Amino acid sequence: MTSAAIMDGKAKAAELAEIITADAAALLRSHGMRPGLAVVIVGEDPASQVYVRNKKRTAENCGFHSVQHTLAANTSQQRLLRLIQDLNGDPAIHGILVQLPLPKHLDELAVTQAIAPEKDVDGFHFQNIGKLTSGHTADTFVPCTPAGCMLLIADQLGSDLSGLDAVIIGRSNIVGKPMASLLLQANATVTICHSRTRNLPGITRRADILVAAIGRPNMVQGDWIKPGAVVVDVGINRIDVEVDGETKSRLTGDVDFSSAVHVAKAITPVPGGVGPMTIMMLMSNTLTSARLAASRS
Ligand code: NAD
């Protein structure tokens, strides 16, 4: 039985980390400037805490100035906005990331839009979204997960996807929609599917490139996939599995890896696929922001 190539996001992210670390050191030598990343977390969601810890550690490993602001779950909107204003004005900070989701009483939209566009390394500000959708990707911050997916896809298919059908499952602002913009810009023919789409497997079977960003464990089966497709599994789902009579928790994607691996040409694993690339794209955006700040000063 044939088996797909595994798109190793962890290894690729490690390669990128070396380049980013060297570039950060060069910026320090040339301009005395260290890329600065501020990560803000509100509340105690355990998954968010893990993500924030990883981001902080990776930034430090790349030689960045890295700060974390941990605010209580009952923090007011006003207090959070004041912190963002302070970070907007702090010359040592080039990237600001507010870990989502926020507690229910906070207005996520107001918070993401309060971040200065030139420090919006998550790419969620309307100004950056507008530039992305109008094809001006050279001077905008592209959301980190789709940016990472595009690099993995380019490794398999090159950067010009002319003539290829791309199908994305999921229409979120964080993954599905920006992913569609990037694939379109790379000349793919793009279809976005979502929870109201009829006959999903009929659509996914046409895809040369299939991106799953749903949040439903193992939903995409091997027989939903066109033989030879490149499959990018964005999903991160925690499930319980029985191991030797014990219940253990483990991460799984939106694609049923065990059946998909025999149909696809290449596939990302979960964990170790898109996740590490997302963090590295955050570092890349922060470095870009610092370089732009250096060229302005
Ligand atoms: P979301 O909940 O905002 O969006 C999910 C999308 O899936 C929606 O557009 C919805 O219409 C669609 N959907 C839901 N059920 C469906 C169904 N039965 N059929 C077809 N479409 C369906 O989620 P999100 O923020 O886009 O994240 C999606 C997944 O990716 C989650 O598992 C999340 O944890 C993961 N994620 C991973 C990374 C990473 O770095 N690897 C980053 C962001 C999100």
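Thresholds applied
- Residues numbered from 1 in each chain as written.
- Predicted model: local features only at pLDDT ≥ 70, side-chain atom pairs only at ≥ 80, totals over all residues.
- Heavy atoms only, no water.
- Helix = DSSP H or I, 4+ residues; strand = E, 2+ residues; numbered from the N terminus.
- Buried < 20%, exposed > 50% of the residue type's maximum accessible area, 1.4 Å probe, protein only.
- Contact = heavy atoms within 4.5 Å.
- Patch = residues over 30% accessible without salt bridge, like charges linked within 9 Å, V, L, I, M, F, W, Y side chains within 5 Å.
- Areas by Shrake-Rupley, 256 points an atom, 1.4 Å probe, with all protein chains shown as cover.
- Salt bridge = Lys/Arg side-chain N within 4 Å of Asp/Glu carboxyl O.
- Pairing = 2+ DSSP bridges.
- Axes fitted to C-alpha atoms, helices over the stretch in contact; angles between N-to-C directions.

Caption draft 1: Region of interest: the side chain of Thr58. Considering the arrangement of structural elements, one finds Thr58 in helix α2 (residues 46-61). Look at Thr58 and you get buried, because its relative accessible area is 15%. Aside from chain neighbours lying at most four places away, what touches Thr58 is Ile279, Met280 and Met283.

Caption draft 2: Quick look at unusual backbone geometry. The step from Leu100 to Pro101 runs through a cis peptide bond, and the omega angle for that step is 0°. Within the fold, Pro101 resides in the loop between β4 (95-98) and α4 (108-114). The linkage connecting Val270 with the following residue, Pro271, adopts the cis geometry, with an omega of 0°. Considering the arrangement of structural elements, one finds Pro271 in the loop between β11 (266-267) and α10 (274-296). A positive phi angle is found at Asn187, which is not glycine, with a value near 80°. Residue classification places Asn187 among the partly exposed positions, given a relative accessible area of 41%. Backbone geometry at Asn218 places phi at a positive 55°, although glycine is not the residue there.

Caption draft 3: Looking closely at the side chain of Thr112. By the element assignment, Thr112 lies in helix α4. Look at Thr112 and you get buried, because its relative accessible area is 10%.

Caption draft 4: Examining a nonpolar patch on the surface more closely. A surface patch of nonpolar side chains, about 280 Å² in accessible area, is lined by Leu109, Phe126 and Ile129. Turning to its location among the elements, Phe126 is positioned in helix α5 (residues 126-133).

Caption draft 5: Representation of the sheet that holds strand β2 (residues 36-42) within the structure. Sheet architecture is open: three strands sit in the order β3-β2-β4, paired in parallel fashion. Edge positions in the sheet fall to β3 (65-71) and β4, since each of these pairs with one other strand and no more. Between one strand axis and the next, the sheet turns through 15° on average, direction left out of account. Across seven bridges, β2 lies against β3 in parallel orientation. Its bridge partner lying in β3, Ala38 is registered against Val67. Those strands touched by α2 are β2, β3 and β4, and its axis lies near 160° from that of β3. Here α10 sits on the sheet in contact with β2 and β4, set at roughly 130° to β2.

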